[in-house]
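Structural description and commentary
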Amino acid sequence: MVVNFRIAPGVAASVAALALAAAAPSVAETPASSGAPAIEGSSAPAAGAGAVSLPPTPTAWYADPGVGAAAPVSPDMLAKGTEDPAGWLHYGGGYRNFRYSPVSSLTPASVPHLHAAWSAPTGTTGQFEGSPIVYGGVMYLTTSYDRLFALDAKTGRFLWRYDVQLPDDLRLCCGPANRGVAIAGDHVFMATLDAHLIAFDRRTGRVAWNTTIANYKDGYSVTSAPLVVGGLVYTGVAGGEFGAPGFVDAYDIVTGKLAWRINTVPTDAADPAAKTWAGDSWKSGGSPAWTTGAYDAGTDTLFWTVGNPSPDWNGDKRAGDNLYSDSVLALDPHTGRMKWHFQFTPHDMWDYDGNTQLFLVDAMVGGKPVKAIAQPDRNGFFYLLDRSNGHFIRATQYVEQLTWAKGVDAQGRPIVDPTAAPQENPTARVCPSNLGGMNGSWSGAYDPKQGLVFAPSIEACQEYVKGIAVYVKGVPFMGGMPNTVDADAGKAYGLLSAIDVNTGQVKWRYRDPRPMMSGVVATAGGVLFTSTMEGEAIAVDQATGKRLWSFRMGGSGRGQPIVYQIDGKPYVAVPSGGWSSIDTLAGAGSMQPEGGHLFVFSLDP
Amino acid sequence: MSKIDWAPLAGVAAMASVGMAVGLALGGGARAQDGSDGAQAYMNSPPDVARGRAIFVGTCGAYCHKMTETRGGDAPFLFGCDLPLAKTDQMMFHTITHGVAGTRMVAFGGAIPDDDIWRIVAYLKTNSQCKPGG
């Protein structure tokens, strides 16, 4: 690698001028030794550097010349997803979100022989929720606080690195998470906590474009991995705890220009959906789109999910179903036109974001094949919908404790227990917890051979308290809170449930003493990988739920494991590193320190 | 507890942050430097304390400040003794008004009216589990 150490013009001046100079790296600390990649500060012009409103200077170590395979990532490669075991090209593995690897060498017999191959620190605290992307022998890994690393996927050597320097007044409800990049052509795409979407040259790490999605000061952030289909890159926003009106955006992958935006709440009173909100409560209706969607090539449809209406726990001022909160939207990927929607939790008062993972499965219903969507929702029900038209097929309870509803009707509408509504001084114990069930901040997996969805979940109940909600842009707007009674009493626990998509029934459960809040990867070898809040990477038999192997990583498991194969050797990458605030809310708090670390395991031939 | 008035707060957006005047002069007596009686005016008034609680519940308690003491979390437990940024009523008011840079604590000044910030302070103080000398 050519050594090319330099500091961009204007960096020193802007560092001195910025109020946040203390957060910027010292030039003296930058690695200038032989073999180090190029380092560069922001290429943004120094003009106006005296204004404190300038974004802080990013810090980056570039690779010159570039790294990784020369062939651009083609639409055909993206369509094949994990069919080529050498790569992991999407957050969900493939467009159908199975998170399923064809690697067959990881079997119940072989996984006891797994050993650590390499590891990499993130240098950041906060939950490490990333799902690595692997292409051309390079792993693209994001960390909390929006660092992006390119690593040699075989050895773990750092190849290039970009640290977004974030403002110090971010609007984060739930921590500094970043769940990963999308890849297409010669670029990787990362969305940020200050609501930017940045395209990087995947070989060098240099920024191709940087687009502002929204003003973070209005309550917006982005934590999810983007998704690329064709020439567009899709992302949605978080902000449901700030009343920030949600939306899904599509950007041109070459120019970074906005192609379309679809709002998840009405933007004017003439919108028919406005009738589902009392008065003009839709103006502060939140309904964020904070997780990654799915794509169905068969019908050329983009599916995206929507989170809670705002304020979360006080529905008094927003009587009605509050569309399109807690829904799945079927969208024309080229225009954003909505084809249909299905709402999981109308008039949500519990923070049951409908943002958990969508699995585009082929199910058998009444003896007939159905192109379906399966989703273990945060509200505790496992849904099956016809993905061609959004028709409800069934919902079954997949958590052990579910009290907020007595079931669902023939249209899939929950039969709500009125005593479960938040109260000023609540006494009712309501389940699941506001975090789930399953939650959109971690993934599940699907084994198409067995027809099983693997869903990690929290088992905990809460008392929901209602308070005053007043909307002011950019300020928390929640209207209540959960009393975490089970979590406080040490009664919260975790399940990994294997759910049969053809029946909706749970085939097996793996139990853990603490809530399970980590993603899953399934494999053709019949073994899945996930991690525990105790800080273990674990392997579980996909047929039985039996635990087969573990390795103590140390930090709580909050990330999304993946599997890939290089030179015939399988690799299992598992993030380690929790965030005490949400972990405690879930009942999984511990003395384990924060700090992210990626562990990669392998098998010798 | 008395009945809480759920009516929206009038003129919130236009509310000037009079509390800014408190500035950095901290640790004063019962009387706030903006001329009001600060939290003291509300501490013996159950309806005002109840309103302080309702705003705290609706704004501060969910993903951040918990009602029960637990280890962990980036937001301090506000009913305990260890409150370096809120040792006095006025420090508490100042922290709520201006936020804490580099943390998730945003500035509520101008969003929540000063009177209501004082009611939150009154609620926190009257429910403190920190015993003098304890």
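The structure displayed is predicted, hence computed values, not measured ones.

**Considering the confidence of the model for chain A**
- Counting all residues, the mean pLDDT for chain A is 91, and 90% of those residues have values of 70 or more.
- Note on residues 1-36 of chain A: pLDDT under 50 across the span, and 54 contacts to partners over four residues away in sequence or across chains.

**Points about the pattern of salt bridges**
- Evaluated as defined, the whole model comprises 34 salt bridges over all chains.
- Notably, a salt bridge pairs D116(B) with R51(B), separated by 2.9 Å at the nearest N-O pair. On the criterion of sequence distance, the pair formed by D116(B) in helix α4 (residues 114-126) and R51(B) in helix α2 (residues 46-59) is long-range, its members being 65 residues apart.
- Given a relative accessible area of 3%, D116(B) falls into the buried group.
- Owing to a relative accessible area of 14%, R51(B) belongs among the buried residues under this scheme.
- Several salt bridges converge on common partners, so that one network encompasses R96(A), D296(A), D362(A), K371(A) and R387(A).

**So, helix α3 (residues 89-98) of chain B**
All names here are of chain B.
- Summarising burial for α3: nine of the 10 residues are buried, a large majority.
- Taken together, the buried positions of α3 are D89, Q90, M91, M92, F93, H94, T95, I96 and T97.
- Buried residues along α3 sit in contact with α1 (40-43) and α4.
- Taken from the residues just after α3, G99 is the one with a positive phi, measuring 75°.

**Remarks on the pairing of strand β37 (residues 562-566) of chain A**
All names here are of chain A.
- Along β37, four of the five residues are buried, which leaves the element largely enclosed by surrounding structure.
- With five bridges connecting them, β37 and strand β38 (residues 569-576) associate as antiparallel partners. In the strand pairing of β38, Y564 is matched with Y571.
- The antiparallel hairpin formed by β37 and β38 contains two residues in its connecting segment, where D567 sits at a positive phi of about 50°.

**Here's the deal with the pairing of strand β34 (residues 527-531) of chain A**
Residues and elements named next belong to chain A.
- Along β34, five of the five residues are buried, which leaves the element largely enclosed by surrounding structure.
- Pairing geometry for β34 and strand β35 (residues 536-541), over five bridges, is antiparallel. What sits directly across from L528, in β35, is V540.
- Two successive antiparallel strands, β34 and β35, enclose a turn made up of four residues, where G535 displays a positive phi of approximately 95°.

**Quick notes on the sheet that holds strand β9 (residues 182-184) of chain A**
Residue and element names in this part refer to chain A.
- Ordered by their spatial adjacency, four strands build an open sheet running β9-β10-β11-β12, and the pairing between neighbours is antiparallel. Edge strands, defined here as strands with exactly one partner in the open sheet, are β9 and β12 (207-212). Each strand axis lies, on average, 20° off the axis of its neighbour in the sheet, ignoring direction.
- Sheet topology note: the strand β10 (residues 187-191)/strand β11 (residues 196-201) ladder contains five bridges and is antiparallel. What sits directly across from H187, in β11, is D201.

About the thresholds
- Residues numbered from 1 in each chain as written.
- Chains lettered and ligands numbered in written order.
- Predicted model: local features only at pLDDT ≥ 70, side-chain atom pairs only at ≥ 80, totals over all residues.
- Heavy atoms only, no water.
- pLDDT = per-residue confidence, 0-100.
- Contact = heavy atoms within 4.5 Å.
- Salt bridge = Lys/Arg side-chain N within 4 Å of Asp/Glu carboxyl O.
- Helix = DSSP H or I, 4+ residues; strand = E, 2+ residues; numbered from the N terminus.
- Buried < 20%, exposed > 50% of the residue type's maximum accessible area, 1.4 Å probe, protein only.
- Pairing = 2+ DSSP bridges.
- Axes fitted to C-alpha atoms, helices over the stretch in contact; angles between N-to-C directions.

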